[in-house]
There are 2 protein chains.
Amino acid sequence: MTDNPSPPAGRGVRPPTLADVAEAAGVSLITASRILNPGVRGTRSGSQERRRKVQDAAQALGYTVNPAAQTIAVGAARTIALIVTDIRDFGSATIMAGVMAAAESRGMSVAVRTTHDDPVRELEIVRALRGERHRGVIIATSRTTDEPRESRFRQELSSLEDSGARVVVIGDSTLPFARVTVDTESAAAELATQLALTHHRIAILAGPEGEVTSLERVTGFEAGLAAAGLSPIAVMHGEFSRDGGYAAVYDLQARLADVDLVAAMSDAMAVGAIVALNEIGFRVPDEMTVSGFDNVPLLADLLPGFSTVAMPLEQFGEACLDRILEDASDRRNNETVRLRADVIVRPKPHRSLP
Amino acid sequence: MTDNPSPPAGRGVRPPTLADVAEAAGVSLITASRILNPGVRGTRSGSQERRRKVQDAAQALGYTVNPAAQTIAVGAARTIALIVTDIRDFGSATIMAGVMAAAESRGMSVAVRTTHDDPVRELEIVRALRGERHRGVIIATSRTTDEPRESRFRQELSSLEDSGARVVVIGDSTLPFARVTVDTESAAAELATQLALTHHRIAILAGPEGEVTSLERVTGFEAGLAAAGLSPIAVMHGEFSRDGGYAAVYDLQARLADVDLVAAMSDAMAVGAIVALNEIGFRVPDEMTVSGFDNVPLLADLLPGFSTVAMPLEQFGEACLDRILEDASDRRNNETVRLRADVIVRPKPHRSLP
DNA sequence: TCTCGATTGGATAGCGTTGTCCAAGCATAG
DNA sequence: CTATGCTTGGACAACGCTATCCAATCGAGA
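Residues numbered from 1 in each chain as written. Chains lettered and ligands numbered in written order. Predicted model: local features only at pLDDT ≥ 70, side-chain atom pairs only at ≥ 80, totals over all residues. Heavy atoms only, no water.

Draft legend 1. Up close: the overall build of chain A. A count of helices and strands for chain A gives 13 helices and 12 strands. Taking 354 residues into account, the globule formula puts the C-alpha radius of gyration at 20 Å, and chain A, at 26 Å, lies well above it. With respect to the three principal axes, the spread of C-alpha positions in chain A is 85 × 50 × 35 Å. Within chain A, counting contacts between residues at least 6 apart in sequence, those at least 24 apart form 74% of the total. Of the accessible surface of chain A, which amounts to about 15900 Å², a share of 51% is contributed by carbon and sulfur atoms. Treating the 37 positive side-chain charges of chain A as one cloud and the 46 negative ones as another, the clouds have centres 9 Å apart. (Helix = DSSP H or I, 4+ residues; strand = E, 2+ residues; numbered from the N terminus. Rg over C-alpha atoms; globule rule 2.2 N^0.38 Å. Contact = heavy atoms within 4.5 Å. Areas by Shrake-Rupley, 256 points an atom, 1.4 Å probe, with all protein chains shown as cover. Lys, Arg positive; Asp, Glu negative; His and termini not counted. Charge placed at Lys NZ, Arg CZ, Asp CG, Glu CD.)

Draft legend 2. The packing of helix α6 (residues 119-132) of chain B against helix α7 (residues 147-162) of chain B, seen in detail. Residue and element names in this part refer to chain B. α7 packs onto α6 with a crossing angle of 10° between their chain directions and a minimal axis gap of 9 Å. In this view, α6 runs roughly parallel relative to α7, as classed from their interaxial angle. Residue-level contacts link Pro119, Glu122, Leu123, Val126, Arg127, Leu129 and Arg130 of α6 to Arg149, Arg152, Phe153, Glu156, Leu157, Ser159 and Leu160 of α7. Of the residues belonging to the contact of α6 with α7, the class tally is 7 nonpolar, 1 polar and 6 charged. (Axes fitted to C-alpha atoms, helices over the stretch in contact; angles between N-to-C directions. Parallel < 35°, antiparallel > 145°, perpendicular 65-115°, else oblique. Nonpolar A, V, L, I, M, F, W, Y, C, P; charged D, E, K, R; others polar.)

Draft legend 3. Quick peek at the pattern of salt bridges. Residues and elements named next belong to chain B. What the rule picks out here adds up to 42 salt bridges over all chains. Of the charged contacts in the structure, one is a salt bridge between Asp20 and Arg14, with a shortest N-O distance of 3.4 Å. Using a relative accessible area of 22% as the deciding quantity, one classes Asp20 as partly exposed. Judged by relative accessible area, which is 47%, Arg14 ranks as partly exposed. Note that Arg130 and Glu156 form a salt bridge whose closest N and O atoms lie 2.6 Å from each other. (Salt bridge = Lys/Arg side-chain N within 4 Å of Asp/Glu carboxyl O. Buried < 20%, exposed > 50% of the residue type's maximum accessible area, 1.4 Å probe, protein only.)

Draft legend 4. Expanded view of the environment of Glu216(A). Within the fold, Glu216(A) resides in helix α9 (residues 212-227). Between the C-alpha atoms of Glu216(A) and Pro119(A), which are 97 residues apart in sequence, the distance is 21 Å.

Draft legend 5. Here's a closer look at the packing of aromatic side chains. All names here are of chain A. According to the stated counting rule, one finds 2 aromatic pairs over all chains in the structure shown. The interplanar angle of 50° and the centroid separation of 5.2 Å between the aromatic rings of Tyr246 and Tyr250 together place this pair among those described as tilted. A residue pair is termed a helical-turn pair when its members lie 3 or 4 positions apart in one helix, as Tyr246 and Tyr250 do in helix α10 (residues 242-252) at 4 residues. With relative accessibility at 24%, the residue Tyr246 sits in the partly exposed group. (Phe/Tyr/Trp six-rings, centres within 6.5 Å; stacked < 30°, edge-to-face > 60°.)

Draft legend 6. Molecular detail of unusual backbone geometry. All names here are of chain A. The omega torsion across Val284 and Pro285 is 5°, close enough to zero to call that bond cis. Looking at the secondary structure, you find Pro285 in the loop between α11 (267-280) and β9 (289-291). Despite not being glycine, Asp294 has its phi angle at roughly 135°, a positive value. Relative to the helices and strands, Asp294 resides in the loop between β9 and α12 (297-302).

Draft legend 7. View of the interface of chain B and chain A. With 52 residues of chain B at the contact, the number on the chain A side is 52 residues. There are 6 salt bridges connecting chain B and chain A. Linking Arg121(A) and Glu104(B) is a salt bridge whose minimum nitrogen-to-oxygen distance equals 2.7 Å. Linking chain B to chain A there are 12 residue pairs in polar contact (both at pLDDT 80 or more). Partitioned by chemical class, the residues of the side of chain B that touches chain A number 24 nonpolar, 13 polar and 15 charged. (Polar contact = N/O pair within 3.5 Å; in protein donor to acceptor, adjacent residues only side chain to side chain.)

Draft legend 8. Structural view of the sheet that holds β9(A). All names here are of chain A. With parallel pairing, the 4 strands of this open sheet are ordered in space as β7-β6-β8-β9. Of all strands in the sheet, those with a lone pairing partner are β7 (234-237) and β9, marking the two edges. In this sheet, neighbouring strand axes are inclined to one another by 20° on average, regardless of whether the strands run parallel or antiparallel. In terms of strand pairing, strand β6 (residues 202-206) meets strand β8 (residues 261-264) through 4 bridges, oriented parallel. When the sheet's bridge partners are listed, Ile204 is paired in β8 with Ala263. Sheet strands in contact with α9 are β6, β7 and β8, and its direction is about 165° off that of β6. (Pairing = 2+ DSSP bridges.)

Draft legend 9. Just the packing of α10(A) against α11(A), in detail. Residue and element names in this part refer to chain A. For the pair α10 and α11, interaxial distance at closest approach is 6 Å and the crossing angle is 40°. In terms of orientation, α10 and α11 fall into the oblique class. For the pair α10 and α11, the crossing hand works out as right-handed. Residues Arg242, Gly244, Gly245, Tyr246, Val249 and Tyr250 of α10 touch α11, and the partners they reach there are Ala268, Met269, Val271, Gly272, Ala273, Val275, Ala276, Leu277, Glu279 and Ile280. (Left-handed = near helix turned anticlockwise from the far one by under 90°.)

Draft legend 10. Region of the structure containing the relation of the copies chain B and chain A. Superposing chain B onto chain A takes a rotation of 180° plus a shift of 0.0 Å along the axis, which leaves an RMSD of 0.0 Å. Both chain copies can therefore be described as sitting about a two-fold axis. Within chain B, Ala68(B) has its C-alpha nearest the rotation axis, a separation of 2.3 Å. Comparing interface residues between copies, 100% of those in chain B also lie at the interface in chain A; the contact surface is shared. (Least-squares fit on C-alpha atoms with pLDDT ≥ 70 in both.)

Draft legend 11. Spatial organisation of the confidence of the model for chain A. Of all residues in chain A, 91% attain a pLDDT of 70 or more, and the chain-wide mean is 90. In the predicted structure, residues 1-11 of chain A sits below a pLDDT of 50 and forms 10 contacts with residues beyond four places in sequence or in another chain. (pLDDT = per-residue confidence, 0-100.)

Draft legend 12. Quick look at the pairing of strand β7 (residues 234-237) of chain B. All names here are of chain B. Residues Ala234 and Met236 of β7 are buried on one face, while the alternating residues Val235 and His237, pointing to the opposite face, are not. Sheet topology places strand β6 (residues 202-206) next to β7; 4 bridges connect them, and they run parallel. In the sheet register, Leu205 faces β7, and the bridge partner there is Met236. Assessed by its sense of winding, the connection that carries the chain from β6 through helix α9 (residues 212-227) to β7 is right-handed. (Right-handed = clockwise from strand over helix to strand, strands pointing away.)

This is the structure in structure tokens:
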């Protein structure tokens, strides 16, 4: 009872193990295991009385399972790895929230890794994942058209999938894995079509060249313009960030007089664009319209008449976990699941005279 | 060579283990372990030739260590648990980014758990953490003055710390653990003092009653006002969110004519307040000043003359990891580390006539 | 040449859990 | 009363790795 071999307090009182619980309950370790951590084969629940004794003992000792031990015993962890570029990014954070919620409702936890858009780091991370025995891996970084890079990445992911982890890629890419995407192109096209009703001299602020996300947004947007008989006056490239938008507008400065809509391909860029436009002397939205993409929450409140596209970021979680946990026999059934984005066109506010 | 006992492809090619590497390199498993995963005692590096052979074999086989196995062998994982309320919150996401960066530079990874401000869930999470053998646990949820709740939480955390995980609490609270805090009160006071130079009829939009974060911000702000010989016209409580600020302004509506500064205790509340004020008919910032707290990035660009306080959110990571990894002999040395917040007072913009 | 200490490699056991098998108990049907 | 099938509990090995001890090797000093 009191002859605990570990020091009684302070550093390193070993947490109770199944063996401790079993001993306290007077059953074998195996029985305790079956009662407290019923596996997939939920049967073998034990008799009422033993159940109670074991559960009481576990409660009294404060037992909680050691997932690392489970992982090596079973050969697979109850975890999903989520790879994003940077957690401070609105999109990444929202996707993460959705994935965590979906994982939790399935009794799994999520391990998040950030690449900071470094191709080397990206490979290291995926490589290390192989040893971690995750159930699935969700790729939520923005992919590029850099073929050597993508090819190396693909190879590492294949090896990861061969080792038993289901790979799911969010968004379009050239990666041959299960995919959950959004109808970004058609949403971008519809946004363009709507905006083309009231604007005709349009400049596009695109993301980095070679980034798939940017590419499909621009492609869709241009298609929408084309449907209205228009084509953009200019397409400027920059980082998908506030500073990227800011710089892009200055790059465009000479031609701004010809422009009545600056269509940024991300909300963050749109904000940077607005700052630059104000500096240059264009009042937004009176003298210039700026649109975005992503539907970052606070902007709806602060930018009257701001049009954008709401991505179904939180829904990715459910969709990805479904793909990961779907029957193993359905594997290699790499059909793409496509979610819908929401086009949000807000009318320009009426000017109320001061 | 080719007589691999596992199926050649598809589901479940077991990832290579140390034993595989050792065999391929012609050394014992132990030697491979010492060369590839040198522990704390970094000595025993092996002879040059063996090193190379083992490393080559590991490279060729694509070996990566299984951290779960290390965890049960060593009795402690190379991980830090981070507990936040909701990852979509700007503060939580930024803290998380800082913690992840700091952990990574020390060769550890981070396990994030979200409580969604549910006291029961909070306890369950901490309880489960005990089995996970983390090196440290960072509490970044907002604590309350609900004594029963805090007491239960404290108890669970103590048991966690006894089991070997170092507990660090971010922000002030009644929890008796290592702490990393911010001089919130004095920052709030300084913000108030500065704003009191140009405003005299001030309403405070506080966070939820009983939340420590709100309490210290309000206390500091009132102290700053008092130093200027003022006291607030009203203190309204609400959620620390956009909707909370929105509602709080409507609660205040009858007295708004007497107010020249709405001091929100969070930036999100400030945005909601601005929306409500605009709806009611007060033009911000011309007819009413609104200030905030947190320094959410995009607001600086979109709200000219917006004053707020920048919290050192990213620095928490380094500070917390230092506390977690400091010498075990320094444990129970629960001195509080205090970081500095930055008061950002922006002058009201000049009205440029249209 | 011999002894000593330092360095290196390996054998063994163990970390906490589950999978697989086997034995015992029990009720039911023949 | 026995044969049958089902349920239940337990023994044993295994998962992949490291800690701890022990043996072998080596160089240097006596």
